[in-house]
Structure formats: structure tokens, C-alpha cells
Amino acid sequence: MKDFKRYTITSALPYANGPVHIGHLAGVYIPSDIYARYLRGKGKDVLFVGGSDEHGVPITIKAKNEGVTPQDIVDRYHGIIKKSFEALGISFDVYSRTTSETHHKTAGNFFKKLYEEGKLIEKSTEQYYDEEAQQFLADRYIIGTCPHCNNEEAYGDQCESCGTSLSPMDLKNPKSTLSGNLPIRKKTKHWYLPLDQHEDFLKQWILEENKDWKPNVYGQCKSWLDSGLHPRAVSRDLSWGVPVPIDGAEGKVLYVWFDAPIGYISNTIEWAEKEGKDWEPYWKDKDTKLVHFIGKDNIVFHCIIFPAMLRAHGEYILPDNVPGNEFLNLENDKISTSRNWAVWLHEYLVDFPEKQDVLRYVLAANMPEAKDNDFTWKDFQARNNNELVAILGNFVNRSAVLTQKYYNGTVPVLGELSDYDKNAIAELASIKGKVEKSLETFRFREALKEAMSLARLGNKYLADAEPWKLAKTDAARVETILNIALQITANLTIVFEPFMPFTTAKLRKILNVSAYNWEQLGGMDLIPSGHTIATPFLIFDKIEDAEIEAQMNKLMESKKLNATANAKSNPAKEEITFDDFVKMDIRTGTILEAEKVPKTKKLLKLLVDTGVDKRTVVSGIAESYKPEDIIGKKVSILINLAPRKIKGIESQGMILMAENESGELGFVACEKDFGSGSEVR
RNA sequence: GCCGAGGUAGCUCAGCUGGUUAGAGCGCAGGAUUCAUAAUCCUGAGGUCGGCAGUUCAAGCCUGCCUCUCGGUACCA
């Protein structure tokens with residue numbers, strides 16, 4: 001394995017439109033922190049970078065909904081996030097933000113360099129613009145007639161019927177899907193990163209040279225690369241973001257996917273300025289190992305797009321590994337910010353004061369490394385009570401209490417070793433290599449288990465050696481046994497340091513020692529005989545059922561609130577006139593037939609009796625209803641909507657559906673049994 | 001639909017390029033023990049490795065089909 005001079009470790013930038021929850025922690029921040037702490041313990045030159053991602057449309061929407069500025073939103077969440085990370089002991093060397101001056105400068109310059117060197121495609125084109133919706137239309141928001149096969153429902157980027165790739169201007173009779181109007185041509189200029197030009201390189205680099213990446217990451221990359229890469233716009237018409245730094249680009253900002261990862265570099269620069277260091281080696285020296293910790297939603301950006309950007313720039317190194325984790329569920333349900341189904345870090349820290357390490361431990365032990373995992377409060381309690389309290393806490397307490405009891409807290413001498421002692425010592429020595437191997441291959445759960453096995457070894461050693469029995473008969477033997485027990489305890493402070501830094505600090509307090517370095521792990525001479533340890537105290541407390549119930553109740557409250565749905569409903573749409581309303585002809589109807597549209601996930605083809613006639617409607621409800629269950633259902637149907645071809649089937653109308661927060665659909669129907677054809681108004 | 005990752009003991013997960021009676025932790029049962037937050041230590045029960053077919057002397061691991069979960073993507077008048 002290559003010996004690197006320094007390590008640059010990044011953790012995905014949390015998006016500053018909400019606080020951080022356990023899913024973020026288990027996926028990204030706990031593993032990256034463990035890795036960073038481990039490497040520092042080995043004396044490596046480590047830079048651990050974090051920061052908030054503060055641009056993008058969702059933040060502007062949230063701000064609008066709350067009647068505040070985007071800056072207000074990001075200030076609020078950046079503050080909460082930063083503080084809670086600190087409290088959990090996530091040991092960032094720098095945690096900054098993408099609204100910083102440094103970042104705007106860095107991201108702007110990055111763009112400028114690519115621009116000036118011709119690494120970007122500039123397209124000053126006439127694009128379709130919807131005057132009613134007042135925006136430029138993305139390819140997919142335009143439909144029209146395919147010039148090749150005359151399919152009238154071709155999209156701006158592709159015709160589904162003949163499969164040809166198109167551009168919006170190719171279409172005959174273009175229509176905006178937002179308003180249905182004829183879009184006008186309006187001039188706009190944008191810049192694109194030609195990912196296709198980097199495709200061969202990326203294929204070689206990832207598929208051939210990085211076969212050791214995690215299967216989920218590698219597979220996802222392969223999937224993207226196999227389907228072909230296309231130029232991707234790096235700018236857009238928006239006011240919130242990093243302004244495009246060239247003349248004539250007013251009203252345009254960098255797309256957030258382009259600016260956010262540069263944040264890692266900006267934050268490094270900020271750190272270096274503060275520390276009086278040179279930032280460049282951390283990003284440009286071949287002897288630097290760059291590692292991106294991310295969740296699976298970020299794989300394509302960190303494995304394909306960002307590397308393509310770095311390579312286009314030319315001065316930067318590429319990541320050595322991108323350990324992407326899967327997702328963490330909570331009590332068998334997807335974690336969701338909008339449904340408030342989450343354990344929020346800032347709330348946990350209040351509900352469980354001084355228990356940062358319990359959360360760190362449980363999340364590390366249950367990390368979704370290979371597949372999605374489930375966090376349950378019951379498991380949280382069990383791991384605390386059965387593992388932290390019973391195995392680790394108990395062993396430390398036993399050895400410290402015995403030392404107090406027999407020797408008044410003075411470490412006894414190590415005498416002659418029995419074969420049994422030698423075995424235990426050999427086992428102790430073997431743990432270092434195992435933990436290292438696991439950590440260096442990003443197998444954090446395994447590493448933690450190995451660390452825990454040291455505490456198990458300690459318990460077993462004491463149980464077998466039984467010093468409390470020998471105390472009256474063989475004083476010298478007891479001295480040796482307790483010396484070994486204390487050396488094991490001292491080793492625990494080293495091996496657990498990456499995982500549970502608050503606990504190891506407590507352990508050192510009990511042992512009355514200062515910090516060791518990682519290379520001392522496995523040693524039998526960590527505490528000299530004659531050294532005096534402190535009065536022991538308990539490092540973990542049992543968590544009672546009541547505390548767990550309280551957390552469960554909190555979650556149930558969220559569930560109830562969601563059910564009553566007075567949660568956050570979308571704001572009302574623009575006012576319309578009565579005349580606008582009566583244009584719609586809505587009728588009560590009855591579903592006569594229903595079948596799934598082949599090769600789709602959501603679409604059902606329905607035959608509906610409208611009273612007026614029987615007609616075919618294609619409806620996107622297959623995820624909420626099975627075809628056989630809805631035959632005979634009363635519905636409301638809009639019958640004077642212009643027909644539209646969907647997947648080759650002409651849909652003549654639209655079934656009215658109510659949709660809740662989680663996307664579930666329900667029919668809207670008359671409460672009295674009126675039969676088909678009654679008008680709805 | 002297409003692409004990717006998963007489906008291994010009650011629970012959470014290991015299982016390297018196919019090779020003897022499939023492993024760990026927790027939980028459970030029985031026993032030992034008392035220095036310790038009734039904590040610990042030992043022993044044991046418990047699995048047709050998602051299903052079906054195939055390749056092979058040999059398959060949890062390879063191939064084909066099917067099925068379930070998660071993610072990406074298409075579609076959702």
C-alpha cells in the first residue's frame with residue numbers, strides 16, 4: 001500500500017435548509033470522523049474538511065414560504081449544524097460555508113479558469129421561454145412533433161417513439177408543458193461541462209484503476225458510465241448563488257452541483273489562511289490521499305462529475321477512494337425531514353446530555369455500509385446497556401475498583417507471567433493490526449467490534465484469573481493480574497479514541513494518564529507500576545425504559561401530526577376568476593376497467609364511465625392502487641381536458657386525486673351515490 | 001420498464017479468487033461466579049444461505065429465470 005504524505009478527508013456538505021439527523025451522521029460524519037481521528041492518532045498529516053452547502057433552489061423556496069431571505073435560512077441552519085457537530089465531537093479542522101467570501105472567490109475563479117481555457121462549452125442560444133411561467137424551459141418541459149417519425153408527443157431531448165435524441169429546436173409545433181402555450185424564442189447564454197469528453201478517461205480511471213471501491217459505489221458509477229455521459233449545464237438563471245464571473249452573465253449563477261464540491265477547496269483555503277499554512281499540497285500533491293465520505297445519493301457527483309471538473313481544471317488530484325454509505329432508516333420507516341421522521345442531532349444532545357458517545361457508538365455499530373439499515377430506540381438502549389455499560393464500562397470499573405481496594409490506587413508491579421497471561425497479552429497485541437486493517441478498508445463496524453473485543457478480553461481475563469480469590473493466598477500473583485488488567489484498560493483508551501473520544505477522555509481521567517498515540521496500542525508498558533490512579537467513577541449509565549418510551553412517544557407525535565395533515569401545506573395558488581373555473585367540466589364517474597400500462601411503474605390505463613360516454617384515461621396512480629381493487633370506484637373526472645398521448649395511449653381526461661405529504665394518492669369522489677355524469681362545481 | 005446494490009440464525013451483520021460438520025455480536029436456555037452499574041465467564045439450542053432450474057467431482061459464492069427491499073432513471077393531463 002502506498003505511503004501517503006498527507007490525507008485530505010472531506011465529508012459531504014450538509015444542505016443548510018434543515019438540521020442534521022442520525023441518517024447524515026451514520027452515513028457520513030461518524031465514519032469520516034473515525035477515519036480522521038484514527039489517522040491523526042497515527043501521527044499523519046490530516047485535514048478534515050466540512051461545511052454547509054447554502055445555495056440552490058430549495059433554500060430560496062423555503063425562504064419565500066417563510067417570508068425571510070435565503071441568507072436568513074442558511075444563517076439559521078448553518079449555526080445549528082455547526083454547533084451540533086462540535087458538540088458531538090466531529091473533529092473538523094474547518095467547518096465553513098459556501099456563502100463565504102472565500103468560496104465565492106474560489107468557485108468563481110475555478111469557473112473562470114475552465115472558461116478561459118476553453119474547457120467549457122458556451123452556448124449562446126435561443127432557448128424556449130414560457131412567457132406565462134416567466135422562465136426558460138428545460139428540454140423536458142417542451143413537447144412537440146418529432147421531425148423523424150412525426151410523433152406528436154416528442155420531448156425536447158428525446159422522442160420516445162423512435163428513440164432519436166433531439167434538441168428542443170428540432171421539434172415542430174413546440175408547446176410548453178408548464179402552460180400549454182407556444183413558447184417564444186429568447187436568447188440566453190449558458191456554459192456546459194462536456195462530461196462526454198471525459199468519459200473515456202473516467203471509464204479507465206474508475207472501472208479499471210479503482211476496482212477496490214465499495215461495490216455499491218463502483219456499481220453505481222458503472223451504471224452511469226455505461227449509459228453515456230452528456231454535457232451538463234454549470235450555470236442557470238437565478239439570483240441566489242455564486243455569480244458567473246464574466247461579462248454579460250448578469251442574473252446567472254453557478255449551478256449548485258458545480259459550486260458545492262468546490263466548497264471543500266474553499267474551506268481548505270480558509271483553514272490554511274487562518275493556520276498560516278499552504279493549502280495547495282492538500283489538493284494538488286500526488287502524495288496526498290483524498291477521500292470523500294458521502295451518502296449514496298451523492299455518488300455520481302463525487303465519483304464522476306467532481307473528478308471531471310478537477311481534471312478539466314488540471315492542477316488537482318483525484319480522490320483515492322469515495323466510501324459511500326447507504327441510508328439509515330428509523331424504526332422501520334424512511335427518515336424524512338418534511339414528515340419530521342428523524343432523530344435530530346441538536347435535539348438528541350439536549351435529551352441525552354453527556355451521551356454523545358452512546359450515539360456515536362450505536363451509529364458506528366449499525367452503520368449502513370453495504371445496505372440500508374434500521375435504527376431503533378430499542379436497539380439503542382440494548383447496545384448501551386448490554387455493550388457499553390456491561391462490557392466496556394464494567395470492565396474498566398472492575399479493574400479500577402480492584403486496584404483501589406487492594407493497592408489504594410497504586411499500580412502494582414508486573415511479576416512473572418503465566419502461560420495464561422502470555423496468551424492474553426498476545427491477543428491484546430493482535431488487535432491493533434485487525435482494527436487498522438478494518439479502518440483502512442472503511443469497514444467501521446468491523447473495526448468497532450474488534451475494539452470491543454478488547455474489553456471482552458479484559459472481562460474474560462479477570463473472570464478466569466480470579467484475583468479476588470487469590471488475594472489471601474498469593475499476593476504476588478494478584479499484583480501481576482491487576483497490572484495486566486490496567487494495561488488492558490490503558491489500551492482501551494487508545495483503541496476507542498477514534499470512535500468514542502469523550503469516553504476515552506474519561507478513561508484517561510480514571511487512570512490519571514495523558515493521551516497516548518495510536519502506535520502504542522498493544523503495549524504492556526503504558527502505565528508504570530507505582531503510578532497512582534484516580535478514584536473510579538462510572539463512564540456509562542444504564543438507559544431506562546422510560547427514556548426510550550419518551551423518544552418513541554416523540555416519534556408517534558410526529559406521525560399523528562402528519563396524519564392530521566395540518567402540517568405544512570403548500571401555499572395557495574394565484575387567484576383565478578370564476579370564468580376560469582367554470583371552463584372546467586368535471587363529472588362524477590365510475591371506473592369500469594383498469595390495467596397496468598406495461599413498462600411503467602406508476603401508470604394505470606382506465607376505462608371510465610363519465611355519464612356522457614365511456615373513455616380511456618391514463619392515470620399515474622399505480623403506486624397507490626392495484627387495478628383489481630378500483631373497478632367500480634366512484635371518481636371525479638375532468639372531461640374537457642385536451643387529450644394527450646401517454647406511452648402510446650391516448651388519455652382523454654384526468655381523474656381528480658388528492659395527494660398527501662408522502663405522495664400517497666386518494667380518489668376525490670362525491671359522498672352521495674349519484675351515479676355517473678353529475679356535474680361537479 | 002431499464003440500470004445499480006441488497007435478500008445468510010429471533011434481531012443486526014461477516015463469509016477472501018466456488019472446496020471439509022456456514023460464522024460473530026445481541027436476544028434465548030442451562031451452568032459457574034461475586035471484584036463489578038444483578039454486571040461478568042462458560043456451555044448449548046437455533047439456519048432447506050429469497051425461490052426454481054442449470055454448470056461443476058464440489059455452490060451461500062458461477063449461469064438463467066422468478067420474487068421482495070432500497071437507490072438512480074423514464075413515466076405520473
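Refer to the preceding data block for the structure.
Asks: So what exactly am I meant to see when it comes to the overall build of chain A here?
Replies: What chain A contains, in helices and strands, is 19 helices and 27 strands. For chain A, the spread of C-alpha atoms along the three principal axes comes to 100 × 65 × 45 Å. A burial count over chain A gives 50% of its 681 residues as buried. Contacts spanning at least 24 positions in sequence make up 72% of the contacts within chain A whose residues lie at least 6 apart. Accessible surface computed for chain A: about 32400 Å², of which carbon and sulfur atoms make up 48%. If you average the places of the 86 positive and of the 97 negative side-chain charges in chain A, the two averages end up 2 Å apart.

Asks: How should the packing of helix α11 (residues 356–365) against helix α12 (residues 377–407) be read in this particular structure?
Replies: Any two packed helices are characterised by the angle at which their axes cross and by the distance between the axes. Relative to each other, α11 and α12 sit at 105 degrees, their axes nearing to 10 Å. Judged on the interaxial angle alone, α12 and α11 are roughly perpendicular. In this structure, α11 contributes Val358, Leu359, Tyr361, Val362 and Ala365 to the contact, and α12 contributes Asp379, Phe380, Arg383, Asn384, Glu387 and Leu388. Per-class residue counts for the contact of α11 with α12 are seven nonpolar, one polar and three charged.

Asks: What is the right way to look at the nonpolar core in this model?
Replies: Nonpolar side chains in soluble globular proteins tend to end up buried together. One finds Phe375 and Phe380 to be the most contacted residues of the largest nonpolar core, which totals 168 residues. Here this core spans two domains, and each of domain 1 (1–119 + 194–370) and domain 2 (376–520) adds at least three residues to it. For phenylalanine 375, the residues in contact, after removing those within four places along its chain, are Ile22, Leu328, Asn329, Leu330, Glu331, Val343, Leu359, Val362, Leu363, Asn366 and Phe380. Ala594, Ile621, Tyr625 and Ile655 belong to the second largest nonpolar core, which has 16 residues in total.

Asks: Could you clarify how one ought to interpret the sheet that holds strand β13 (residues 288–295) in this entry?
Replies: Within the open sheet, the five strands sit side by side as β3-β2-β1-β13-β14. Their pairing is parallel. Each edge of the open sheet carries a strand with a single partner, namely β3 (94–97) and β14 (324–325). Across two bridges, β13 lies against β14 in parallel orientation. Residue glycine 295 lies in a different strand from β14, and its bridge partner there is asparagine 325. The sheet strands contacting helix α3 (residues 70–88) are β2 (45–52) and β3, and the helix crosses β3 at an angle near 170 degrees.

Asks: What should I look at first to understand the packing of helix α6 (residues 215–226) against helix α9 (residues 299–313) in this one?
Replies: Where α6 meets α9, the axes come as close as 10 Å, and the angle between the chain directions of the two elements is 60 degrees. Relative to α9, α6 is oriented oblique. Note that α6 runs across α9; the crossing there is right-handed. On the side of α6, the interface is formed by Asn216, Val217, Gln220, Cys221, Trp224 and Leu225, while α9 contributes Ile299, Val300, Cys303 and Ile304.

Asks: Quick question: what am I supposed to make of empty space enclosed by the protein here?
Replies: One water molecule sets the probe size; rolling that probe over the atoms shows where empty space is left. The tally for this structure, following the rule as stated, stands at two cavities of 30 Å³ or more. Put simply, the largest cavity is a space of about 60 Å³. Contributing to the lining of the largest cavity are Thr588, Gly589, Lys634, Val635, Ala669, Cys670, Lys672, Asp673, Phe674 and Gly675. For the lining of the largest cavity, the secondary structure elements donating two or more residues are β18 (586–596) and β21 (634–638). When grouped by side-chain class, the residues that make up the lining of the largest cavity number four nonpolar, three polar and three charged. Its boundaries defined by the atoms lining it, the second largest cavity holds a volume of some 40 Å³. Lining the second largest cavity, in full, are His55, Gly56, Val57, Arg236, Leu238, Trp240, Val253, Leu254, Tyr255 and Val256. Partitioned by chemical class, the residues of the lining of the second largest cavity number seven nonpolar, two polar and one charged.

Asks: Whenever I open this one, the environment of glycine 589 confuses me. Can you help?
Replies: Secondary-structure assignment places glycine 589 in strand β18. The class for glycine 589 is buried, based on a relative accessible area of 2%. Taking the C-alpha atoms as reference, glycine 589 lies 4.5 Å from serine 676; in sequence the two are 87 residues apart. When sequence neighbours within four positions are dropped, the list of residues in contact with glycine 589 reads Val608, Asp609, Lys633, Lys634, Val635, Ile637 and Ser676.

Asks: Even after reading the chapter, I still don't get a positive patch on the surface, so can you show me in this structure?
Replies: A contiguous patch of positive charge, built from Lys371, Arg445, Lys449 and Arg456, is present on the exposed surface. Residue class for arginine 456 comes out partly exposed when judged on its relative accessible area of 42%.

Asks: Help me understand the pairing of strand β1 (residues 6–11) in this model?
Replies: On any regular strand, side chains alternate: one points to one face of the sheet, the next to the other face. Most of β1 is tucked away: six of the six residues are buried. The alternating pattern of β1 places Arg6, Thr8 and Thr10 and Tyr7, Ile9 and Ser11 on opposite faces, both of which are buried. Sheet analysis places β1 next to β13, joined by six bridges and oriented parallel. Bridge assignment links tyrosine 7 to a residue of β13, and that residue is lysine 289. Note that β1 and β2 share five bridges and pair parallel. Residue tyrosine 7 lies in a different strand from β2, and its bridge partner there is valine 46. Handedness of the crossover joining β1 and β2 through helix α1 (residues 22–41) is recorded here as right-handed.

Asks: Explanation requested: the pattern of salt bridges in the structure shown.
Replies: A side chain of one charge can pair with a side chain of the opposite charge when the charged atoms of the two come close. One pass over the full model with this rule turns up 42 salt bridges. Ionic pairing is found between lysine 42 and glutamate 436, a salt bridge with its closest N-O pair at 3.0 Å. In this pair, lysine 42 sits in the loop between α1 and β2 while glutamate 436 sits in helix α13 (residues 419–440), placing the two residues 394 residues apart along the sequence. The same class applies to lysine 42 as to glutamate 436, namely buried. Measuring nitrogen to oxygen at the nearest pair gives 2.7 Å for the salt bridge that ties lysine 554 to aspartate 351. Taken together, the residues span a long stretch of sequence, with lysine 554 in helix α18 (residues 545–564) and aspartate 351 in helix α10 (residues 345–351) at a distance of 203 residues. Aspartate 351 gets classed as partly exposed once you look at its relative accessible area, which sits at 33%. Residues joined by salt bridges that share partners form a network here, namely Lys113, Glu117, Lys119, Glu280, Lys284 and Glu315.

Asks: How should I be thinking about the side chain of asparagine 491 in this particular structure?
Replies: Mapped onto the elements, asparagine 491 comes out in helix α16 (residues 475–495). Polar contacts involving the side chain of asparagine 491 include one to the main-chain amide nitrogen of glycine 522, which spans 2.6 Å. Asparagine 491 has contacts with Leu428, Leu454, Gln520, Leu521, Gly522, Gly523 and Leu526, leaving out every residue within four places of it along the chain.

Scoring rules and cut-offs
- Residues numbered from 1 in each chain as written.
- Chains lettered and ligands numbered in written order.
- Predicted model: local features only at pLDDT ≥ 70, side-chain atom pairs only at ≥ 80, totals over all residues.
- Heavy atoms only, no water.
- Helix = DSSP H or I, 4+ residues; strand = E, 2+ residues; numbered from the N terminus.
- Buried < 20%, exposed > 50% of the residue type's maximum accessible area, 1.4 Å probe, protein only.
- Contact = heavy atoms within 4.5 Å.
- Areas by Shrake-Rupley, 256 points an atom, 1.4 Å probe, with all protein chains shown as cover.
- Lys, Arg positive; Asp, Glu negative; His and termini not counted.
- Charge placed at Lys NZ, Arg CZ, Asp CG, Glu CD.
- Axes fitted to C-alpha atoms, helices over the stretch in contact; angles between N-to-C directions.
- Parallel < 35°, antiparallel > 145°, perpendicular 65-115°, else oblique.
- Nonpolar A, V, L, I, M, F, W, Y, C, P; charged D, E, K, R; others polar.
- Core = buried A, V, L, I, M, F, W, Y, C linked by side-chain atoms within 4.5 Å.
- Domains from an automatic or database assignment.
- Pairing = 2+ DSSP bridges.
- Left-handed = near helix turned anticlockwise from the far one by under 90°.
- 1 Å grid on protein atoms, 1.4 Å probe; cavity = no way out; pocket = protein on both sides within 12 Å on 5 of 7 lines; lining within 4 Å.
- Points joined across faces, edges and corners; volume = space filled by probe spheres on them.
- Patch = residues over 30% accessible without salt bridge, like charges linked within 9 Å, V, L, I, M, F, W, Y side chains within 5 Å.
- Salt bridge = Lys/Arg side-chain N within 4 Å of Asp/Glu carboxyl O.
- Right-handed = clockwise from strand over helix to strand, strands pointing away.
- Polar contact = N/O pair within 3.5 Å; in protein donor to acceptor, adjacent residues only side chain to side chain.

Bear in mind that shape data such as this cannot, by itself, settle questions of function.
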